[in-house]
Amino acid sequence: MSATPKPLLSDLDLLRRLIAFDSTSHRSNLPIADFIADYLDRPGVHVERNPSKDGDKTNLVVRVGPEVDPSTCGGLTLSGHVDVVPALEPEWRCDPFDMQVEDDRLVGRGTCDMKGFVALAVNAAARAAERSATLSSPVALVITYDEELGTLGARRFVDTWPIADRPLPRRTIVGEPTSLRAVRMHKGHAKGRLELRGAPAHSGYPHLGKNAIEPMGRAIVALSEVRRQLEEEGGPNSEHFPEVPFVALNLARIHGGAAINIIPERCVLDIGFRLLPGMDLGMVERRIEEALGRALEGEDYTFEPVNHSPPMLLDARSDLYGAVCLLADQTETVSASYATDAGWMQEIGFECLLYGPGDISVAHRPNEWLPRDEFERCAQDLDALVERFCG
């Protein structure tokens, strides 16, 4: 720990520093993680690293205040990811990693999704550290990597963090951009890959080969029928997803063949499907496998799961949900059709909800921006929640 604590940056200046790190998911996140760890090198703050298997990336786990009481796991956890999507679009009006203030907008890659919340969470923890000796319950941060690649950092955290030996506060805010609405449920996102194998040959002698693309047509028809059935059936909590009240099955990407004059020996179809909260992943995967088995009988093929991010569901009676709804002046249930780290975190007992500044509709787009008033209001809300749940 440094002898002299670093000066507390303003929320805006801290966000500007975080934006300046090109933490696009294909890069290591160690530089931005090192910066945050160094910034939080203060009395009363305990920082641990939860590295990826290859050590090229890391989650950060931060605790401020007293030890967690394992019987209650009281206090408050704030969580966010620091990876961002690429910013290669020619429409950018500025350097995406040099945040600009344009009237009431904070413009830059990651301002909305979701370094804005991370900056606020880090400063909330730093402010809490100034009175750590008087906190009745701890404040914790879980800062993850590779959320944009399929919640990989959160999965790593869940798989490797010794939660029984080193518990963290159960109440958790994951600061995805929700326009400061309390979101207590979201869909999951599962991915699978279908591969059909044939035999290559000169296209002038097709009898010497076996075309791997042709039977993929039957597979696509079968999967389209599964999609139609899922749309008709709906599912648990569908009433909270009025725009898409069903499992959304997407035949997302197909590729096969090497040249026009070669019988294609391989064809691959990537599939994504978004589960409603309360649905069983295995049930949907079995339906897909059964449909493919009927359509591709006698063919050489495999269907394998690639990755999944679980759905999230928080009980409406949660005291954290009630507190955030009060701050948001919210009475209705709000849901999200995208997946987040919260789905994994709830698997080991965290009671998660989504709450953060910014609108998801401007994320992943050129000139991504964050409303300055929401940024400032969220800072006040986090301080109020720390005061309520940590004392």
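Residues numbered from 1 in each chain as written. Predicted model: local features only at pLDDT ≥ 70, side-chain atom pairs only at ≥ 80, totals over all residues. Heavy atoms only, no water.

Q: Before we move on, can you summarise the environment of Pro245 with the specific residues and values?
A: Relative to the elements of secondary structure, Pro245 occurs in the loop between helix H5 (214-233) and strand E10 (248-256). Separated by 37 residues in sequence, Pro245 and Gly282 have C-alpha atoms that sit 20 Å apart. Contact partners of Pro245, with chain neighbours within four places excluded, come to Gly234, Ser238 and Leu276. (Helix = DSSP H or I, 4+ residues; strand = E, 2+ residues; numbered from the N terminus. Contact = heavy atoms within 4.5 Å.)

Q: I'd love a proper account of the packing of helix H1 (residues 11-19) against helix H9 (residues 372-390), names of residues and values included.
A: Axis separation between H1 and H9 bottoms out at 11 Å; the angle between their running directions is 110°. On the basis of the axis angle, H1 is roughly perpendicular to H9. Note on packing geometry: the crossing formed by H1 with H9 is right-handed. Across from Asp11, Leu12 and Leu15 in H1, the residues of H9 making contact are Arg372, Phe375 and Ala379. In the contact of H1 with H9, the residues fall into 4 nonpolar, no polar and 2 charged. (Axes fitted to C-alpha atoms, helices over the stretch in contact; angles between N-to-C directions. Parallel < 35°, antiparallel > 145°, perpendicular 65-115°, else oblique. Left-handed = near helix turned anticlockwise from the far one by under 90°. Nonpolar A, V, L, I, M, F, W, Y, C, P; charged D, E, K, R; others polar.)

Q: Residue-level account of the layout of surface pockets, with values.
A: Gaps between atoms show up when a probe of the same size as a water molecule is rolled over them. Empty space within the largest pocket amounts to approximately 390 Å³. Lining the largest pocket are 17 residues, and of these Glu147, Glu148, Tyr338, Ala339 and His364 sit closest to its centre. Of all the secondary-structure elements, those providing two or more residues to the lining of the largest pocket are strand E9 (189-197) and strand E12 (300-309). When its volume is computed, the second largest pocket comes out at roughly 330 Å³. In terms of lining residues, the second largest pocket is bounded by 17 residues, among which Glu243, Ser335, Ala336, Ser337 and Tyr338 are the most central. Tallying contributions element by element places strand E14 (residues 334-336) first for the lining of the second largest pocket, with 3 residues. For the lining of the second largest pocket, a count of residues per class yields 9 nonpolar, 5 polar and 3 charged. (1 Å grid on protein atoms, 1.4 Å probe; cavity = no way out; pocket = protein on both sides within 12 Å on 5 of 7 lines; lining within 4 Å. Points joined across faces, edges and corners; volume = space filled by probe spheres on them.)

Q: Please give an account of the packing of aromatic side chains that cites residues and values.
A: Enumeration over the complete set of coordinates arrives at 4 aromatic pairs. When the centroid spacing of 6.3 Å and the interplanar angle of 15° are considered together, the rings of Phe35 and Tyr39 count as stacked. In this pair, Phe35 and Tyr39 are both assigned in helix H2 (residues 30-39), 4 residues apart and thus about one turn of the helix distant. When its relative accessible area of 4% is taken as the criterion, Tyr39 is described as buried. One Lys or Arg, Arg166, reaches over the ring of Trp161 and ends 4.5 Å from the middle of that ring. Over the face of the ring belonging to Tyr321 we find Arg184, whose NZ or CZ atom lies 5.9 Å from the ring centre. (Phe/Tyr/Trp six-rings, centres within 6.5 Å; stacked < 30°, edge-to-face > 60°. Buried < 20%, exposed > 50% of the residue type's maximum accessible area, 1.4 Å probe, protein only. Lys NZ or Arg CZ within 6 Å of the ring centre and 35° of its normal.)

Q: Give me the pattern of salt bridges: which residues, what numbers.
A: Summed over all chains, the structure comprises 30 salt bridges. Between Arg127 and Asp383 there is a salt bridge whose closest N-O contact spans 3.0 Å. Linking Arg127 in helix H3 (residues 111-129) with Asp383 in helix H9, this pair joins segments that are 256 residues apart in sequence. In this structure, the salt-bridge partner of Arg227 is Glu231, at a minimum N-O distance of 3.1 Å. Here Arg227 pairs with Glu231, and both are found in helix H5, just 4 residues apart, close to one helical turn. Classification of Arg227 as partly exposed rests on a relative accessible area of 31%. According to the relative accessible area criterion, Glu231 is partly exposed, its value standing at 32%. (Salt bridge = Lys/Arg side-chain N within 4 Å of Asp/Glu carboxyl O.)

Q: Give me the lowdown on the nonpolar core, citing residues and values where you can.
A: Membership of the largest hydrophobic core comes to 57 residues, with the highest contact counts inside it found for Ile36 and Ile173. Secondary structure elements with two or more residues in this core: H1, H2, strand E2 (58-64), strand E3 (76-81), H3, strand E6 (139-144), helix H7 (319-328) and H9. Among the elements that line this core, the one with the most residues is H3, at 12 residues. Excluding its chain neighbours within four sequence positions, the residues that come into contact with Ile173 are Leu76, Thr77, Leu78, Ser79, Phe117, Leu320, Val324, Leu353, Tyr355, Leu382 and Leu385. The next biggest cluster of nonpolar side chains, apart from the first, holds 29 residues, and it includes Ala190, Val226, Met279 and Ala291. (Core = buried A, V, L, I, M, F, W, Y, C linked by side-chain atoms within 4.5 Å.)

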